[in-house]
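Structural characterization, general
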Amino acid sequence: MAASCAEMEPAAAPRSPGTGELVCARGRNRKAVLCQRCGSRVLLPGAATFARRELFLPSMKKKTALLASSSPDGDVLQDHWLVDDMFSFENIGFTKDVGNIKFLICADCEVGPIGWHCLDDKKSFYIALDRVSHE
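Scoring rules and cut-offs
Residues numbered from 1 in each chain as written. Predicted model: local features only at pLDDT ≥ 70, side-chain atom pairs only at ≥ 80, totals over all residues. Heavy atoms only, no water. UniProt positions renumbered as here; feature names shortened; annotations may be inferred. Phe/Tyr/Trp six-rings, centres within 6.5 Å; stacked < 30°, edge-to-face > 60°. Helix = DSSP H or I, 4+ residues; strand = E, 2+ residues; numbered from the N terminus. Pairing = 2+ DSSP bridges. Core = buried A, V, L, I, M, F, W, Y, C linked by side-chain atoms within 4.5 Å. Buried < 20%, exposed > 50% of the residue type's maximum accessible area, 1.4 Å probe, protein only. Contact = heavy atoms within 4.5 Å. Salt bridge = Lys/Arg side-chain N within 4 Å of Asp/Glu carboxyl O.

The name that an unreviewed UniProt entry assigns to the chain is Guanine nucleotide exchange factor MSS4, with the source organism given as Pelusios castaneus. Its UniProt record gives the chain a comment under Subunit (unreviewed entry), which states: "Interacts with RAB8A."

Laid out in structure tokens, this is it:
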């Protein structure tokens, strides 16, 4: 169940340029998180916490192309929504294991990765702010 942000006001000190309108004072997402491609709802407002962590995500592709790449192009992204329970997601898919990592994709259109999950840490699911839209 999504935690609500009291008054959903912008964070007092945004951690990154442009995140103030997305992060409430409690550090949670003020807006719903959507797939950039198909608009499917990934997270409800208040379901995730803003986190800064450098993570490499391969370039956005369909799941089949993502799994076929042996050394994919990609980006190191820093701003993420951190979710601690996989059942908090409204709509998310996972790739097959890539080492000890599963990449998170949109379950409807299968485009991704939009996020990252290490199998060693069962309570950390990261969604990159640059890979999703908000409403």
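A short note on the packing of aromatic side chains
Per the counting criterion, the structure on display carries 4 aromatic pairs. Taken together, a centroid distance of 6.2 Å and an interplanar angle of 70° make the contact between Phe-94 and Phe-125 edge-to-face. Highlighted residues: Phe-94 in strand β6 (residues 93-94) and Phe-125 in strand β10 (residues 125-128), separated in sequence by 31 residues. In textbook terms, an aromatic cluster arises when at least three aromatic residues are bridged by ring pairs, as seen for Phe-89, Phe-94 and Phe-125.

Re the sheet that holds β6
Pairing between the strands of a sheet comes from backbone hydrogen bonds, and it takes one of two forms, parallel or antiparallel. Pairing is antiparallel in the open sheet, where 6 strands are placed in the order β3-β5-β10-β9-β7-β6. One side of each edge strand has no neighbouring strand; the edge strands of this open sheet are β3 (49-58) and β6. Note that strand β9 (residues 115-118) and β10 share 3 bridges and pair antiparallel. Across the sheet, residue Gly-115 finds its bridge partner in β10, namely Ile-127.

A look at the nonpolar core
Ranked by size, the top nonpolar core spans 18 residues in total, and within it Leu-43, Trp-81, Phe-89 and Ile-127 carry the most contacts. Those elements that provide at least two residues to this core are β2 (41-43), β5 (74-83) and β10. Of all hydrophobic cores here, the second largest spans 10 residues; its members include Leu-55, Ile-101, Trp-116 and Cys-118.

Structural notes on the environment of Leu-77
With respect to the secondary-structure elements, Leu-77 resides in strand β5. Considered as a pair, Leu-77 and Phe-56 are 21 residues apart in the sequence and their alpha carbons are 6.3 Å apart. Dropping the residues within four chain positions of it, Leu-77 is found in contact with Arg-53, Glu-54, Leu-55, Leu-57, Ala-128, Asp-130 and Arg-131.

Overview of the pattern of salt bridges
Under the counting rule described, the total for this entry stands at 4 salt bridges. Asp-79 is the partner of Arg-52 in a salt bridge, and the nearest nitrogen-oxygen pair spans 3.5 Å. Placement of the pair is Arg-52 in strand β3 and Asp-79 in strand β5, with a sequence separation of 27 residues. Under the relative-accessibility criterion, Arg-52 is labelled partly exposed at 41%. In this structure, Asp-75 engages Arg-131 in a salt bridge whose closest nitrogen and oxygen atoms are separated by 3.2 Å. Within this pair, whereas Asp-75 is found in strand β5, its partner Arg-131 is found in the loop between β10 and β11 (132-134), the two being separated by 56 residues in sequence. Its relative accessible area of 5% is what places Arg-131 among the buried residues.

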